[in-house]
Amino acid sequence: MADFKVTELAEDLDFDSLPYWDVVIIGAGPAGLAASLTTAHRGLTTLVIEAKDKPGGQPQFLYPDKKIVDIPGFPDGISGEELSERTYRQAVDALVQFRFNDELVTIEDTDQLEKEDLLKRVVTKNGEYLCRKVVIACGLLHFPRKLPVVDALDSKNVYYKVPKIGDYENGHVVVVGGGDSAFDAAVMALERRGQVDVIVRGESPAAKADTVARVQQSGGRVHCTTEITSAEYDAGAMALTLSSGMQIRADTVIVQIGFLSAKETFQRLDVRLNDDGSIAVDPYFETSRHGLFAVGDVHGDIKLVTVAWAEGIQAAIYAFKEITSPYWLNEKRLRDQKISMIGDKITQAARVKGRKK
Ligand SMILES: Cc1cc2nc3c(=O)[nH]c(=O)nc-3n(C[C@H](O)[C@H](O)[C@H](O)COP(=O)(O)OP(=O)(O)OC[C@H]3O[C@@H](n4cnc5c(N)ncnc54)[C@H](O)[C@@H]3O)c2cc1C
């Protein structure tokens with residue numbers, strides 16, 4: 001138990017009878033949890049809508065056992081599951097309210113004016129919530145891309161996330177994919193004395209060079225320019241045929257070939273999108289719609305837990321400033337050098353491009 005208390009919300013506040021929420025946050029991943037405890041610590045009533053049955057986002061659902069080693073302050077690493085549980089506990093202690101198993105459908109504008117804010121209506125699968133500000137932190141959505149050739153086996157040993165350790169210890173593991181997630185999964189399997197083959201469609205892996213080297217040094221075999229062409233059951237294991245003609249037996253197949261885009265949800269929100277389908281934000285994480293912020297993987301070029309945290313915290317503080325002092329952001333924008341610097345850089349870049357032609 002902390003020996004100081006930051007939240008200003010009353011312990012006995014009746015959240016069920018609030019006429020509206022100060023802030024509604026979509027997604028209880030790293031970005032949403034960090035944003036939520038920041039607004040609640042500043043005395044704002046905060047509701048988090050989460051599609052899954054528990055909090056944590058990708059670290060909780062995609063790599064619960066992996067030791068995350070790039071978070072400052074955790075020199076020995078921390079598992080995705082523990083990190084998620086700790087952050088969630090901090091949010092609950094700050095009196096953040098959660099609705100699990102619910103999903104954002106759309107966000108409507110209303111003409112209901114509250115303290116200089118036109119309230120927004122967040123429409124979800126199970127209800128509707130009026131609020132002053134919304135933070136979109138719903139990440140990539142957890143719809144991993146399927147690999148039809150192994151999916152057709154309908155096997156419980158084909159995973160689209162990094163499985164729990166006990167599920168594959170000592171077995172022969174085939175990992176499909178060339179990115180960081182695939183090679184992280186290969187390292188984990190090798191650490192559990194598994195034999196590992198990594199199947200990479202491209203000419204070379206896109207994963208970090210040191211992780212690829214670690215896989216190879218630990219005895220993992222990396223097959224580039226290769227795909228699985230057929231898969232069948234054979235005496236309790238899976239028999240895979242590769243495009244090179246090689247045959248591999250696998251106890252476990254881990255497929256890490258990316259995610260389907262969350263574009264459809266984003267389009268329903270009527271916010272401006274970047275060319276790659278992610279949500280466009282200004283330097284204050286506000287989207288093209290006033291009062292609607294977007295943080296974490298939904299817009300970010302750098303997809304990391306710490307970046308998601310930092311963005312969630314910043315957006316939460318900008319939302320707080322706007323609630324306590326309306327038009328604060330617009331006044332800041334008028335004075336701020338950041339905005340004019342972006343304009344200058346674009347003009348310079350266009351000039352250089354023009355000269356090259
Ligand atoms: C295999 C793998 C390994 C990784 N390893 C590392 C690492 O070692 N270090 C690191 O820093 N980063 C790592 N990352 C990246 C990191 O996990 C992400 O950058 C981070 O989780 C992004 O946080 P987020 O809150 O933006 O999104 P997410 O973690 O995706 O959370 C979004 C949440 O929103 C919910 N949601 C989605 N849609 C809706 C909806 N419509 N309504 C309600 N809720 C919704 C989701 O269920 C989810 O809980 C890794 C990623 C992967 C896939």
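What counts and what doesn't
Residues numbered from 1 in each chain as written. Predicted model: local features only at pLDDT ≥ 70, side-chain atom pairs only at ≥ 80, totals over all residues. Near = placed C-beta within 6 Å. Helix = DSSP H or I, 4+ residues; strand = E, 2+ residues; numbered from the N terminus. Domains from an automatic or database assignment. Contact = placed C-beta atoms within 7 Å. Nonpolar A, V, L, I, M, F, W, Y, C, P; charged D, E, K, R; others polar. Core = buried A, V, L, I, M, F, W, Y, C linked by C-beta atoms within 7 Å. Buried ≥ 20, exposed ≤ 12 C-beta atoms within 10 Å, placed from the backbone. Pairing = 2+ DSSP bridges.

Once that is clear, we can look at the site of the ligand. Lining the immediate surroundings of the ligand are 37 residues, of which G27, G29, G57, G139 and G296 lie closest. Put simply, the parts of the chain that give the shell around the ligand at least two residues each are α1 (30-41), α2 (58-61), α5 (180-191) and α8 (305-324). Taken domain by domain, the makeup of the shell around the ligand includes at least three residues from each of domain 1 (15-142 + 260-347) and domain 2 (148-255).

As far as domains go, the protein chain holds domain 1 (15-142 + 260-347) and domain 2 (148-255). Computed from C-alpha coordinates alone, the two centres of domain 1 and domain 2 are separated by 34 Å. Listed per partner, the contact involves six residues of domain 1 and six residues of domain 2. A per-class count over the side of domain 1 that touches domain 2 returns four nonpolar, no polar and two charged.

We now examine the nonpolar core. A general tendency of soluble globular proteins is for nonpolar side chains to be buried together. By size, the foremost hydrophobic cluster in this structure holds 56 residues, and its most contacted members are V24, V135, I136, A137, F293 and V295. For this core, the leading source of residues is α8, giving nine residues. Of all hydrophobic cores here, the second largest spans 36 residues; its members include Y168, F183, V222 and V253.

Our next topic: the pairing of strand β16 (residues 252-255). The two faces of β16 match: T252 and I254 on one face and V253 and V255 on the other face are all buried. With two bridges joining them, strand β9 (residues 158-159) and β16 adopt parallel strand pairing. Of the residues in β16, the one forming a bridge with Y159 is I254. Pairing geometry for strand β10 (residues 172-176) and β16, over four bridges, is parallel. Its bridge partner being in β16, V175 is matched across the sheet by I254.

Its identity as a non-glycine residue notwithstanding, K115 has a phi of 45 degrees, on the positive side. Take K115: it is sitting in the loop between β6 (104-114) and β7 (117-124). In this model, T225 sits at a positive phi of 45 degrees, which is unusual for a non-glycine residue. Within the element layout of this structure, T225 appears in the loop between β12 (221-223) and β13 (228-234).

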